[in-house]
Amino acid sequence: MTDTQADVLIDVRGVCKTFANGVVALQDVSLQVRRGEVVCIVGPSGSGKSTLLRTLNALETISSGDVVVLGQSVHAARVDLDRLRARVGMVFQSFNLFPHKTALENLMLAPLVVSRTPAAEVRTRCEALLAKVGLADKHDAHPAQLSGGQQQRVAIARALAMQPDIMLFDEPTSALDPEKVNEVLDVMKLLAGEGMTMCVVTHEMGFARAVADRVVFMEAGEIVHQAAPASFFDAPDNERLRGFLGQILK
């Protein structure tokens with residue numbers, strides 16, 4: 001991968017975020033994510049991980065700095081957020097599926113409304129995506145008929161239905177029963193193997209070690225340390241990171 005500006009799909013530049021109640025969520029955060037890179041963001045609860053992720057598509061405002069995604073300043077007054085968000089898929093902790101629609105209908109809705117693609121083409125694409133996430137036999141199932149892991153896989157497929165350039169994951173397994181976690185992580189590993197650019201907030205350290213190109217450690221609204229997984233986990237040279245890993249890997 002060449003180190004050119006064109007390869008940088010996400011460029012966070014000195015971002016600060018203070019909430020209305022005075023809580024400082026982000027302090028001078030800078031981060032770049034390049035095309036095809038998988039970056040996992042880890043850290044204690046309240047460290048600013050999810051806030052940072054949500055600034056990438058303006059679900060969260062910023063107090064200062066800049067966030068440039070796919071060459072666009074996300075928080076600029078004239079940015080077309082609908083068009084940008086169509087290119088940046090996001091999967092949340094909660095599944096956020098429409099309960100009155102089937103799995104296939106959940107996938108088809110956004111491409112039909114936003115991209116105005118012919119229905120037959122959208123249906124074919126969405127059927128293929130359900131098969132990709134292991135749910136080829138669940139086209140007609142409603143969310144209430146699916147397990148948590150299945151619902152989250154539908155949510156991932158729904159984000160992929162818009163054919164995004166980037167996928168953002170905000171602790172996608174935190175609401176799942178332990179036995180359902182791996183079925184979601186396996187889909188994410190598949191996407192990473194296909195070269196999808198991914199930014200993942202996670203507490204699954206095994207996933208971060210196995211899949212990430214780079215692991216970022218946040219604490220108290222700051223990026224404290226970042227490194228490739230081998231040095232991050234096996235030879236951490238940051239005292240705050242060592243303390244975190246000592247607690248979470250017990």
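Residues numbered from 1 in each chain as written. Predicted model: local features only at pLDDT ≥ 70, side-chain atom pairs only at ≥ 80, totals over all residues. Heavy atoms only, no water.

For the protein, an unreviewed UniProt entry supplies the name Amino acid ABC transporter ATP-binding protein and the organism Solimonas terrae. According to UniProt, the comment filed for the protein under the heading Sequence similarities (unreviewed entry) is "Belongs to the ABC transporter superfamily." Heading Subcellular location (unreviewed entry) of the UniProt record for the protein holds this comment: "Cell inner membrane". (UniProt positions renumbered as here; feature names shortened; annotations may be inferred.)

Looking at the packing of helix α3 (residues 103–115) against helix α5 (residues 148–160)
Axis separation between α3 and α5 bottoms out at 8 Å; the angle between their running directions is 25°. In terms of their interaxial angle, α3 and α5 are classed as roughly parallel. The two elements α3 and α5 cross, and the hand of that crossing is right-handed. In this structure, α3 contributes A103, N106 and L107 to the contact, and α5 contributes V154, A157 and R158. Tallied by class, the residues present in the contact of α3 with α5 amount to 4 nonpolar, 1 polar and 1 charged. (Axes fitted to C-alpha atoms, helices over the stretch in contact; angles between N-to-C directions. Helix = DSSP H or I, 4+ residues; strand = E, 2+ residues; numbered from the N terminus. Parallel < 35°, antiparallel > 145°, perpendicular 65-115°, else oblique. Left-handed = near helix turned anticlockwise from the far one by under 90°. Contact = heavy atoms within 4.5 Å. Nonpolar A, V, L, I, M, F, W, Y, C, P; charged D, E, K, R; others polar.)

Quick look at the layout of surface pockets
Gaps between atoms show up when a probe of the same size as a water molecule is rolled over them. For the largest pocket, the calculated volume is near 610 Å³. Around the largest pocket, the lining is made up of 23 residues, and of these R85, M90, A110, R158 and M162 lie nearest the centre. A per-element tally of the lining of the largest pocket places α3 first, with 5 residues. Grouping the constituent residues of the lining of the largest pocket by class yields 15 nonpolar, 5 polar and 3 charged. (1 Å grid on protein atoms, 1.4 Å probe; cavity = no way out; pocket = protein on both sides within 12 Å on 5 of 7 lines; lining within 4 Å. Points joined across faces, edges and corners; volume = space filled by probe spheres on them.)

Some thoughts on the pattern of salt bridges
Within this structure, the stated rule accounts for 11 salt bridges. Linking R87 and D165 is a salt bridge whose minimum nitrogen-to-oxygen distance equals 2.8 Å. Pair noted here: R87 is in helix α2 (residues 81–87) and D165 is in the loop between α5 and β7 (166–170), with a separation of 78 residues, a long-range link. Residue class for D165 comes out partly exposed when judged on its relative accessible area of 29%. (Salt bridge = Lys/Arg side-chain N within 4 Å of Asp/Glu carboxyl O. Buried < 20%, exposed > 50% of the residue type's maximum accessible area, 1.4 Å probe, protein only.)

Side note on the UniProt feature "domain: ABC transporter" (unreviewed entry) in the protein
In this numbering, the UniProt entry assigns the feature "domain: ABC transporter" (unreviewed entry) to residues 10–245. From the first C-alpha to the last, residues 10–245 spans 27 Å; its make-up is 38% helix and 25% strand.

A closer look at the environment of E204
Structurally, the position occupied by E204 is in the loop between β8 (197–201) and α7 (205–211). Sequence separation between E204 and V181 is 23 residues, and the spatial gap between their C-alpha atoms is 9.3 Å. Not counting residues within four places of it along the chain, the set of residues in contact with E204 comprises T173, V181 and L185.

Side note on helix α6 (residues 178–193)
Here α6 spans 24 Å end to end across 16 residues, near enough to the 22 Å set by a 1.5 Å rise per residue. Within the sequence span of α6, burial applies to V181, V184, L185, V187, M188, L191 and A192. In a view along the axis of α6, the buried residues occupy a sector of 155°, so they form one face of it. Counted as exposed and oriented over 90 degrees from the buried face of α6: E179 and G193. Buried residues in α6 make contact with β3 (38–42), α4 (119–132), α5, β7, β8 and α7. Phi turns positive, to about 95°, at G195, one or two residues after α6. (Expected span 1.5 Å × (residues − 1). Arc of directions from axis to C-beta.)

Details of unusual backbone geometry
Its identity as a non-glycine residue notwithstanding, L70 has a phi of 55°, on the positive side. Looking at where L70 falls in the secondary structure, it is placed in the loop between β4 (64–69) and β5 (72–73).

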